[in-house]
Amino acid sequence: MGMREMVEELRQQKEKIRAMGGEARVVRQKDRNKLTVRERLDILFDPGSFLEIGAHATPYYEGPFSQDPPAPADGCVCGYGKINGRPAACIAYDFTVMGGSIGPVGEVKATRIRELALKWRMPVVWLIDSAGARVSGASADPSQISRFADSGYLFREQVVMSGVVPQVAAMVGPGAAGTAYIPGLADYVPMAKGVSSMALGGPPLVRAVVGEKITEEELGGSGVHNRESGVADGEFETDRDVIAAIKEYLSYFPSHCEEHPPVRDAEPPAGDSERLLDIIPENARRAYDVRQVIKHIVDGGRFFEIKPLWARNIVTCLARVEGRSVGVVASNPMHLGGVLDVDSSDKAARFINICDAFRIPLLFLVDVPGFLIGSKVEKAGIIRHGAKMLYAVSSATVPKVTIVLRKAYGAGYYVMCGRAYEPDYIAAWPGAEIAVMGPEGMVSIFANKMLEALPDDERRQAMAGMAENLRPHISPYKAAGYGAIDDIIDPRDTRQVIARALEYAARKRVDRPFRRREVSPV
């Protein structure tokens, strides 16, 4: 056979590979409102930049599940290219081929990609649409069962890559068993609404093992993981929206931990800074949405929220100030009064750790009444979970800026980067209160016996009067007078002082004592 004939044969093979699982399976994929794996890659990567590796991979066996060609690309398309002009690697599972299950050869390809991503220091994106570990091979080749003993490199390698390069696990379909741990170890996990799911065991296995009859959506759909478990970081309408979110997320990050985040041209914030004078209500008990404050501080009023539907009493988001990436941790009085609980502590701690790993400065916007108390949260481990946040903010060595908007009470003040936690700049708005607890709480402790002796109406009036007498002693002028904060600022100047602090703190260097490794309160 001459070269021309061999090239023609190659072309035909590649056409078969690009046909994926065949027309019928592709139609079924689209009927589920899902893109094919190759359509997803075309959208994710800059045109003409994607270089596929291992396209000719096939399983070790041929049997009742084999196709022509047998399992194109072994159900896993791997390669690298450019996302918005910057290199990135991708491992994408093809549900039209054996349910996108993880086969031995496909995993060899994926291992190759992870190896290159670590060596070349570029982000890794998983597009997960997979039934999990492949078990169908056992019907054709029982030796496949024993190959399980030589598996598991994937998760160890994810841990090795953690904090070195950004890792994104996008759920654009199911992710069962093995493929469910990929998002568990990734930095960012977006999910497509209605078509994606994560679970350690699918509905048939759950029913067989624990006798629970449940649907895939009820077990681990996007609603479950975005609103209840907190495993996911965002819920999006379609595959295209998920991919757009991946691109936006990565735009805030460096390609690896030894680079600084990319700097863009600065943009003015949304709206007039005068609006900042009116966002916080005069009544200290009234709520407001802290997102309105963020919008009036960051470039273009735009921010990319992480876990917006879970633990809503705290907002974690990526934004830019004068073109520089910044991670915002903000109390949100709109939900539970902004009090910190188990979930919000976990949410903030994880976000702080990710920002610190990739040199993204942190901005804390504080209006926190402290930690939630009571038997329910104690049984849920509030001390352990609160310690995670305390540990994260203490460990972070990136530039840190703290602005107290209205109140900062007790340990809530500590974990929101209070004075002892190395903020590079800490300031308060006029009227802010910094104290071990609110004045009402103080009164209820030191005047407890006297108040108990009074009738209800008199007790309320007496408590309110004593609280007002205490309030001047926790004003920001007291804290500034003791040197506990750097300044009291006009809210309209907030953006300018943050930008200036971040500019100078970019030179920051913090040396910690040697240790083998941290012992964090996980």
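This text goes with the structure placed above it.
Caption draft 1: Just the nonpolar core, in detail. One finds Leu127, Tyr249 and Leu318 to be the most contacted residues of the largest nonpolar core, which totals 65 residues. Not counting chain neighbours up to four residues away, the residues in contact with Leu127 comprise Arg40, Leu41, Leu44, Cys90, Ile91, Ala92, Tyr93, Ala170, Val172 and Ile246. Grouped together as the second largest cluster of nonpolar side chains are 30 residues, Val293, Ala319, Val321 and Ile489 included.

Caption draft 2: Representation of empty space enclosed by the protein within the structure. The final tally for this structure, using the stated rule, is one cavity of 30 Å³ or more. Within this model, the largest cavity holds a volume of roughly 100 Å³. As for the largest cavity, its lining consists of 13 residues, and the residues nearest its centre are Asp187, Asp233, Ile306, Phe351 and Ile354. Elements with a contribution of two residues or more to the lining of the largest cavity: β10 (314-321) and α14 (342-357). Looking at which element gives the most residues to the lining of the largest cavity, the answer is α14, with four residues. Grouping the amino acids of the lining of the largest cavity by side-chain chemistry returns seven nonpolar, one polar and five charged.

Caption draft 3: Looking closely at α14. The end-to-end C-alpha distance of α14 is 23 Å, a good match for the 22 Å that 16 residues give at a rise of 1.5 Å each. When we look at burial in α14, the residues that qualify are Val342, Ser344, Ser345, Asp346, Lys347, Ala348, Ala349, Phe351, Ile352, Ile354 and Cys355. Considering only its buried residues, α14 is in contact with α11 (239-251), β9 (304-306), β10, β11 (324-331), β12 (362-368) and α16 (382-395). Two residues or fewer past α14, Arg359 is found with a positive phi of approximately 60°.

Caption draft 4: Highlighting the side chain of Arg38. The topology assignment puts Arg38 in helix α3 (residues 37-44). Here Arg38 falls in the buried class, since its relative accessible area comes to 7%. Sequence-distant contacts of Arg38, that is, excluding residues within four places in its chain, are made with Ile17, Arg18, Met20, Glu52, Ala73 and Val77.

Caption draft 5: Examining the pattern of salt bridges more closely. Within the structure shown, the criterion is met by 28 salt bridges. Between Arg121 and Glu258 there is a salt bridge, with the nearest N and O atoms lying 3.9 Å from each other. Of this pair, Arg121 sits in the loop between α4 (104-120) and β4 (124-130) while Glu258 sits in the loop between α11 and α12 (276-279), and the two are 137 residues apart along the sequence. Accessibility expressed as a relative area gives 30% for Arg121, which makes it partly exposed. For the salt bridge of Arg291 with Glu305, the shortest nitrogen-to-oxygen distance reads 3.0 Å. With Arg291 in helix α13 (residues 291-295) and Glu305 in strand β9, the pair connects residues that are 14 residues apart, well separated along the chain. Look at Arg291 and you get buried, because its relative accessible area is 17%.

Caption draft 6: Spatial organisation of the packing of aromatic side chains. The final tally for this structure, using the stated rule, is 10 aromatic pairs. Summarising the aromatic geometry, the rings of Phe45 and Phe50 are spaced 4.9 Å apart at their centres and angled 35° between planes, so their arrangement reads as tilted. Seen in terms of ring centroids, Phe155 and Tyr181 are 5.7 Å apart; in terms of plane orientation they differ by 70°. Their pairing is edge-to-face. Here the residue Phe155 occupies a position in helix α6 (residues 153-161), and Tyr181 occupies one in helix α7 (residues 178-185), the gap between them amounting to 26 residues. A residue is classified by how much of its surface remains accessible, and Tyr181, at 44% relative accessible area, is partly exposed. Ring pairing ties together the aromatic residues Tyr188, Tyr249, Phe253, Phe304 and Phe358, which thus form one cluster. The ring of Phe95 has Lys34 lying over it, and the distance from NZ or CZ to the ring centre is 4.5 Å. The ring of Tyr252 carries Arg320 above its face, with NZ or CZ at 4.1 Å from the centroid.

Caption draft 7: Fine view of the pairing of β10. Most of β10 sits inside the fold, with eight of its eight residues counted as buried. Neither face of β10 is left uncovered, since the one carrying Ile314, Thr316, Leu318 and Arg320 and the one carrying Val315, Cys317, Ala319 and Val321 both have all their residues buried. Pairing of β9 with β10 involves three bridges; the strand directions are antiparallel. Note that in β10 the partner of Glu305 across the bridge is Cys317. Pairing between β10 and β11: eight bridges, direction antiparallel. By the bridge assignment, Val321 is partnered in β11 with Arg324. Between β10 and β11, which follow one another and run antiparallel, lie two residues, and Glu322 among them has a positive phi close to 55°.

Caption draft 8: Examining the pairing of strand β5 (residues 167-176) more closely. Counting buried residues along β5, 10 of its 10 residues qualify, which places the element largely inside the surrounding structure. Relative to β5, β4 runs parallel, the two being bridged by six bridges. Residue pairing for β5: Leu127 is matched across the bridge by Ala170. Bridge count for β5 against strand β7 (residues 197-199) is three bridges, and the pairing is parallel. The partner of Pro174 across the bridge, within β7, is Ser197.

Definitions and limits used
Residues numbered from 1 in each chain as written. Predicted model: local features only at pLDDT ≥ 70, side-chain atom pairs only at ≥ 80, totals over all residues. Heavy atoms only, no water. Core = buried A, V, L, I, M, F, W, Y, C linked by side-chain atoms within 4.5 Å. Buried < 20%, exposed > 50% of the residue type's maximum accessible area, 1.4 Å probe, protein only. Contact = heavy atoms within 4.5 Å. 1 Å grid on protein atoms, 1.4 Å probe; cavity = no way out; pocket = protein on both sides within 12 Å on 5 of 7 lines; lining within 4 Å. Points joined across faces, edges and corners; volume = space filled by probe spheres on them. Helix = DSSP H or I, 4+ residues; strand = E, 2+ residues; numbered from the N terminus. Nonpolar A, V, L, I, M, F, W, Y, C, P; charged D, E, K, R; others polar. Expected span 1.5 Å × (residues − 1). Salt bridge = Lys/Arg side-chain N within 4 Å of Asp/Glu carboxyl O. Phe/Tyr/Trp six-rings, centres within 6.5 Å; stacked < 30°, edge-to-face > 60°. Lys NZ or Arg CZ within 6 Å of the ring centre and 35° of its normal. Pairing = 2+ DSSP bridges.

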